[in-house]
Amino acid sequence: MNSQDRPMLELADGASHDQPYGLQLDRRNFLKVLGGGLLVCLTPTSAWTQESGRSFGGHELPKDVGAWLHIAADGQVKVFTGKVEVGQNIRTSLAQLVAEELRVPFDAITMVMGDTDLVPWDMGTFGSRSTPTMGPQLRTMAAAAREMLLEMAGQRWHVEPASLTAADSRVSDPNTSRTFTYGELTRGEKLVKIVSAKESLTPAAEWKTAGTAVHKAEGREFVTGKHKYPSDIARPEMLFGAVLRPDGFNATLESVDTSAAEKLPGVKVVRDGEFTGVAAPDAITAQDALSAIQAKWKVPEQPSNKGLFEYMKSNPETGRDQGLQHVAGSVAQAMEGADLKLEEQYTVAYIAHAPLEPRAAVAEWEGDKLTVWTGTQRPFGVRDELAQAFHIAPEQVRVIQPDMGSGYGGKHTGETAIEAARLARAASKPVKVVWTRQEEFTWAYFRPAGLIEIRAGAQRDGKLIAWEHHNYNSGPSAITTPYAVPNQLIQYHAAKSPLRQGSYRGLASTANNFARESHMDGMAHAVGMDPLELRLKNLDDARLRAVFEAAAEKFGWGRVKSTPEHGFGIAGGTEKGGYVATCAEVEIEPAGKKVRIRRIVQAWESGAVVNPDGLRNQIMGAIVQGIGGTLFEQILFANGRILNPHFAQYRVPRFSDTPMVEVVLLDRRDLPSAGAGETGIVGLAPAASNAIFAATGIRLRNMPMTPRDAVAKKQG
Amino acid sequence: MGNYVLHINGTQLRVSAPPDETLLSVMRNRLNLTGTKYGCGEGQCGACTVLLDGRATRSCMVSVAQAANTKIVTIEGLEQNGKLSPVQQAFLDEGAFQCGYCTSGMILRATSLLRELHNPSEEQIVEAMDGNVCRCGTYPRILEAVKRAQRLQAQGAKR
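Criteria and cut-off values
- Residues numbered from 1 in each chain as written.
- Chains lettered and ligands numbered in written order.
- Predicted model: local features only at pLDDT ≥ 70, side-chain atom pairs only at ≥ 80, totals over all residues.
- Helix = DSSP H or I, 4+ residues; strand = E, 2+ residues; numbered from the N terminus.
- Rg over C-alpha atoms; globule rule 2.2 N^0.38 Å.
- Buried ≥ 20, exposed ≤ 12 C-beta atoms within 10 Å, placed from the backbone.
- Contact = placed C-beta atoms within 7 Å.
- Pairing = 2+ DSSP bridges.
- Axes fitted to C-alpha atoms, helices over the stretch in contact; angles between N-to-C directions.
- Parallel < 35°, antiparallel > 145°, perpendicular 65-115°, else oblique.
- Left-handed = near helix turned anticlockwise from the far one by under 90°.
- Nonpolar A, V, L, I, M, F, W, Y, C, P; charged D, E, K, R; others polar.
- Domains from an automatic or database assignment.
- pLDDT = per-residue confidence, 0-100.
- Core = buried A, V, L, I, M, F, W, Y, C linked by C-beta atoms within 7 Å.
- Arc of directions from axis to C-beta.
- Expected span 1.5 Å × (residues − 1).

Engineer: Describe the overall build of chain B, listing the residues and the values that go with them.
Structural biologist: The number of helices and strands found in chain B is six helices and five strands. Listing the helices and strands of chain B from first to last along the sequence gives β-β-α-β-β-α-β-α-α-α-α. A compact globule built from 159 residues should have a C-alpha radius of gyration of about 15 Å, and chain B, at 15 Å, falls within 12% of that. In terms of overall dimensions, chain B has C-alpha extents of about 45 × 35 × 25 Å along its principal axes.

Engineer: Any chance you could break down the overall build of chain A for me, citing the residues and the numbers?
Structural biologist: Helix and strand content of chain A: 20 helices and 30 strands. The C-alpha atoms of chain A give 28 Å as radius of gyration, which agrees with the globular expectation for 716 residues (27 Å, within 12%). In terms of overall dimensions, chain A has C-alpha extents of about 80 × 75 × 45 Å along its principal axes. Each of the 716 residues in chain A was classed as buried or not, and the buried ones make up 55%. Here the contacts in chain A between residues at least 6 apart in sequence split such that 77% fall between residues at least 24 apart.

Engineer: Any chance you could break down the sheet that holds strand S6 (residues 165-167) of chain A for me, citing the residues and the numbers?
Structural biologist: Paired through backbone hydrogen bonds, the strands of a sheet run either parallel or antiparallel to each other. Residues and elements named next belong to chain A. Taken in spatial order, the three strands of this open sheet run S6-S7-S8, and their pairing is antiparallel. Both edges of this open sheet fall to S6 and strand S8 (179-181), since each of them pairs with a single strand only. The average angle at which neighbouring strand axes cross in this sheet is 20°, direction not considered.

Engineer: Could you give me a rundown of the packing of helix H15 (residues 508-527) of chain A against helix H19 (residues 684-696) of chain A, with the residues and numbers involved?
Structural biologist: Residue and element names in this part refer to chain A. Running from amino to carboxyl end, H15 crosses H19 at an angle of 30°, the nearest separation of the two axes being 8 Å. Of the possible angle classes, the one that applies to H15 and H19 is roughly parallel. Both H15 and H19 take part in a crossing whose hand is right-handed. Each of Thr510, Asn513, Phe514, Glu517, Ser518 and Asp521 in H15 lies in contact with H19, whose residues at this interface are Ala685, Pro686, Ser689, Asn690 and Phe693. Residues that form the contact of H15 with H19 fall into these classes: four nonpolar, five polar and two charged.

Engineer: I'd like a description of the domain arrangement of chain A, backed by residues and values.
Structural biologist: Accessible area lost when the parts come together is the quantity often used to give the size of an interface. Residues and elements named next belong to chain A. In terms of domains, chain A is made up of domain 1 (3-223), domain 2 (230-299 + 359-434) and domain 3 (308-350 + 446-715). With 17 residues of domain 1 in contact, the opposing surface of domain 2 contributes 17 residues. Here the residues of the side of domain 1 that touches domain 2 sort into four nonpolar, seven polar and six charged.

Engineer: Go over unusual backbone geometry with me, naming the residues and quoting the values.
Structural biologist: Residue Met703 of chain A is joined to Pro704 of chain A through a cis peptide bond whose omega torsion reads 0°. Of note, Ser406 of chain A is a non-glycine position whose phi angle comes to about 65°, a positive value. Mapped onto the elements of the fold, Ser406 of chain A is located in the loop between strand S19 (397-400) and helix H13 (415-427). Of note in this structure, Asn81 of chain B is not a glycine but carries a positive phi near 50°.

Engineer: Any chance you could break down the pairing of strand S13 (residues 275-280) of chain A for me, citing the residues and the numbers?
Structural biologist: Residues and elements named next belong to chain A. Along S13, five of the six residues are buried, which leaves the element largely enclosed by surrounding structure. Where strand S12 (residues 268-272) meets S13, five bridges bridge the pair, whose relative direction is antiparallel. The partner of Lys268 across the bridge, within S13, is Ala279. The antiparallel hairpin formed by S12 and S13 contains two residues in its connecting segment, where Gly273 sits at a positive phi of about 60°.

Engineer: With reference to specific residues and values, describe the confidence of the model for chain A.
Structural biologist: Residues and elements named next belong to chain A. Summing up the model confidence of chain A, the mean pLDDT is 90 and the portion of residues at 70 or higher is 90%. Counted against residues more than four places away or in other chains, residues 1-28, with its pLDDT under 50, gives 35 contacts. Every residue in residues 46-64 scores below 50 in pLDDT, and together they form 20 contacts with partners more than four places removed in sequence or on other chains.

Engineer: Any chance you could break down the sheet that holds strand S2 (residues 11-17) of chain B for me, citing the residues and the numbers?
Structural biologist: Residue and element names in this part refer to chain B. A sheet is described by the order of its strands in space; here five strands give the open sequence S2-S1-S5-S3-S4, paired in mixed fashion. Of all the strands in the sheet, the pair left with one neighbour each is S2 and strand S4 (55-58). Adjacent strand axes in the sheet meet at a mean angle of 45°, parallel and antiparallel pairs treated alike. Packed on one face of the sheet, helix H4 (residues 103-116) meets strand S3 (49-52) and S4 and runs near 35° to S3.

Engineer: Any details on the nonpolar core? Residues and values, ideally.
Structural biologist: Counting 258 residues, the largest nonpolar core has Ala145, Val372 and Ala420 of chain A as its most contacted members. Setting aside chain neighbours within four positions, we find Val372 of chain A in contact with Ala361, Val362, Ala363, Leu386, Val399, Ala417, Ala420 and Ala421 of chain A.

Engineer: Kindly report on the interface of chain B and chain A, identifying the contributing residues and their values.
Structural biologist: Facing 45 residues of chain B, the contacting portion of chain A comprises 47 residues. Only helix H1 (23-30), helix H3 (86-94), H4, helix H5 (122-129) and helix H6 (139-158) of chain B provide two or more residues apiece to the side of chain B that touches chain A. Taken together, the residues of the side of chain B that touches chain A sort by class into 20 nonpolar, 17 polar and eight charged.

Engineer: Give me the lowdown on the domain arrangement of chain B, citing residues and values where you can.
Structural biologist: Residues and elements named next belong to chain B. Split by domain assignment, chain B resolves into domain 1 (2-75) and domain 2 (86-158). Computed from C-alpha coordinates alone, the two centres of domain 1 and domain 2 are separated by 21 Å. Across the contact, 15 residues belong to domain 1 and 13 residues belong to domain 2. When residues of the side of domain 1 that touches domain 2 are traced back to their parent elements, those giving at least two are S3 and S4. The greatest single-element share of the side of domain 1 that touches domain 2, amounting to three residues, is contributed by S3. In terms of residue class, the side of domain 1 that touches domain 2 is built from seven nonpolar, six polar and two charged.

Engineer: Give a description of the environment of Lys147 of chain B that names residues and reports values.
Structural biologist: Within the secondary structure, Lys147 of chain B is located in helix H6. A count of 17 C-beta atoms within 10 Å places Lys147 of chain B in the partly exposed class.

Engineer: Any details on the packing of H4 of chain B against H6 of chain B? Residues and values, ideally.
Structural biologist: Residues and elements named next belong to chain B. Contact geometry for H4 and H6: axes closest at 11 Å, N-to-C directions at 45°. Here H6 runs oblique to H4, going by the angle between their axes. The crossing of H4 and H6 is right-handed. Counting all contacts with H4, which are made through Met106, Ala110 and Leu114, the residues of H6 involved are Ile142, Val146, Ala149, Gln150 and Gln153. Split into classes, the residues belonging to the contact of H4 with H6 amount to six nonpolar, two polar and no charged.

Engineer: Requested: an account of H5 of chain B, with residues and values cited.
Structural biologist: Turning to H5 of chain B, its buried residues number three or more, namely Ile125, Ala128 and Met129 of chain B. The arc that holds every buried residue of H5 of chain B, seen down its axis, measures 85°, which confines them to one face.

Engineer: Help me get a handle on the environment of Glu553 of chain A, residues and values and all.
Structural biologist: Residue and element names in this part refer to chain A. Relative to the assigned elements, Glu553 resides in helix H17 (residues 542-555). Given 13 C-beta atoms within 10 Å, Glu553 falls into the partly exposed group. Between the alpha carbons of Glu553 and Val601 there is a distance of 9.6 Å; along the sequence they are 48 residues apart.

Engineer: Tell me about the environment of Arg135 of chain B, and please be specific about residues and values.
Structural biologist: Residue position: Arg135 of chain B is located in the loop between H5 and H6. Expressed as a C-alpha distance, the spacing of Arg135 of chain B and Cys45 of chain B, which sit 90 residues apart in the sequence, is 9.7 Å. Ignoring any residue separated from it by four or fewer positions in sequence, one finds Arg135 of chain B in contact with Ala354, Pro355, Leu356, Ser406 and Val652 of chain A.

Engineer: Give me helix H4 (residues 90-102) of chain A: which residues, what numbers.
Structural biologist: Side chains three or four residues apart in an α-helix point the same way, a direct result of the helix having 3.6 residues per turn. Residues and elements named next belong to chain A. End to end, H4 covers 18 Å across 13 residues, agreeing with the expected 18 Å (1.5 Å per residue, within 8%). Among the 13 residues of H4, 13 are classified as buried, and the element is accordingly described as predominantly covered. Looking at the residues trailing H4, positive phi occurs at Arg103, about 65°.

Below, the structure written as structure tokens:
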């Protein structure tokens, strides 16, 4: 490609030159912030549109650009993306990909993330999209920047750029051994390059920085307590806010008396419709003021845990998308001819994300301009929520997302940001709101509960011939079977949910995979086949086969038979481009005194591995987190109230629950990298359940399984 | 309101607070020492762990009045002359964190453990650390980090 094909603009003070491209750089005063240098912008192309294949929540596509990359006069590289770091290590792995294509050391890169005034619009960090979509975008930009640097050097030396090489932040001419550092090339320049075509990217097989176990970016900040999380942010003259909560869900406020609270020194009480909150000079006074408010609520009768699944089955949510119905052949007909049939129900409970850092926000108004520091997976989504709440333009709102105390899908929404902003507006001072653990357990949203019904038929030789799978409420993710079954009927049924529900790591793929892989185990038992053998007999998907075989080999599957004290189980699945197989060993003490997951071997494949250390950490974390929903986590509720909103009542996995974990990574450098934050969680529950069955003959079909109770009951 | 002098990380800090305000709240909200984290406020998660006279203590369960006569060490006070403590170094080397929000509590709990027991068994580590929650599930690496810290500490003592 020659330089005429590449629009190159001289940008003076971020002025109107960007108009032909529909960019909005002037709004962000971009080069003012950055000074001179080389700025590369990636515009969306039709390729992205096709790949995304879904609407972007009101933004059909990013209007301007997908990402920005800037090389300063000192050679420092800043990459701007709307993705956020929540512990999944994306700050590190994206920087590795950029370093790779740009041919600079990892340390030369600074990632600017999740600040809506500085980064391009992004729909959010969820759905395992950062690596497969943002990864290639950043690589494309970095490769374009590298090509441009080669051209700049070629122009200065009057040689063909193709004869030059780029490595270690410099361009060299192998014929003369002269070099320019990137900084020397960009010094004094104010260049903008617009990229829309895909550059040729470095094949993963040739990666030197990507694909290696680079340590977490800024790791030292985290072990010294210097990193500022959203809840650590402080502003001059900042007040502390707290918000009055209803006595239950869907409650209406009958009366409220705030007079006692208003008498407390320095306290500002804000009432606005159903919102009642306080701002105070310190946190303890804010809580005192809240306690001093007398409120009467009317809480309507509402469904409880008891009867939840019957409620969901009989209360379809007609307004919501019912998802795909997947039909092949005729299940009814095939079932008639099946030698072996199995029909069962499975359930999963509502569970809480319980990120260790609860929702937090600091809001500050300057006239009509609002700045909010908050922990969210959707900075632009929260910006829009704030704009809507305060009837201002989105451009007047800046949301800044410091790397936060995680989310697991639980921090998509902007409640806390709105609360802090409402109080700050009334108090005319910055206000911080940090939710209590009880608030986080009550007023956030939950991983959906759900009922799954499966019936399946097989021939005597173990060949599956019919598979019917219905999911009520929990979701359509990973609902289709990866096994080759000629007759299928698979349907998601949206239902009314008594509790507020939303995204969660892996979302419904945990539930659907738990049900399917438990049922597969049941089929193997019915046929009298080894569970792994039955799976492989019905599995054409080579990538899923490969992880099953890898996990089985490492685990030593089949070498030792299950006993009443030790059970071995296997399960696997695929979703969002990740392939997982899990082998579990459970240990059962007599009389059900203790049921413990002793050892887990999990094989994982998600294409080319960008950072094996970070990936292992994610997969291990998913396994450990999965133990909670598998064995004991569940939200208990009655009549609009959460009954266990404390860590003392809602048990999360701890050190003593943690098994030996071995992760086998299959690095497929010939395949594109998929996201790996979520799907690693889906194998644990069915593998553990199948292991408990292998030991005890008890099939646990409800998550959490609370296996001690079940085993104790059977053993009497 | 009372006036208190807190001995934190070798420095005396004056602070005015109600006597029943927690040490955690005073440090985070009045002294801007935010390395110590709020996780539950109920002594259930360990995110707010600090050393009080050398022993791991949940700062959400201690009032400022109780803390006033003790020596307090927080995550900000472990690094000495730019050198990380063995436990900090071990957490960094093992990559024993994901979001890192539990890390300061974990590091202080482990620091306290390695002062009490110079060579703890795995069971002793698990028992000591079981009150600290890592919601990201990094426990296996944290275990390895504590073992590595023990080795680093032993090496340091030999020198």
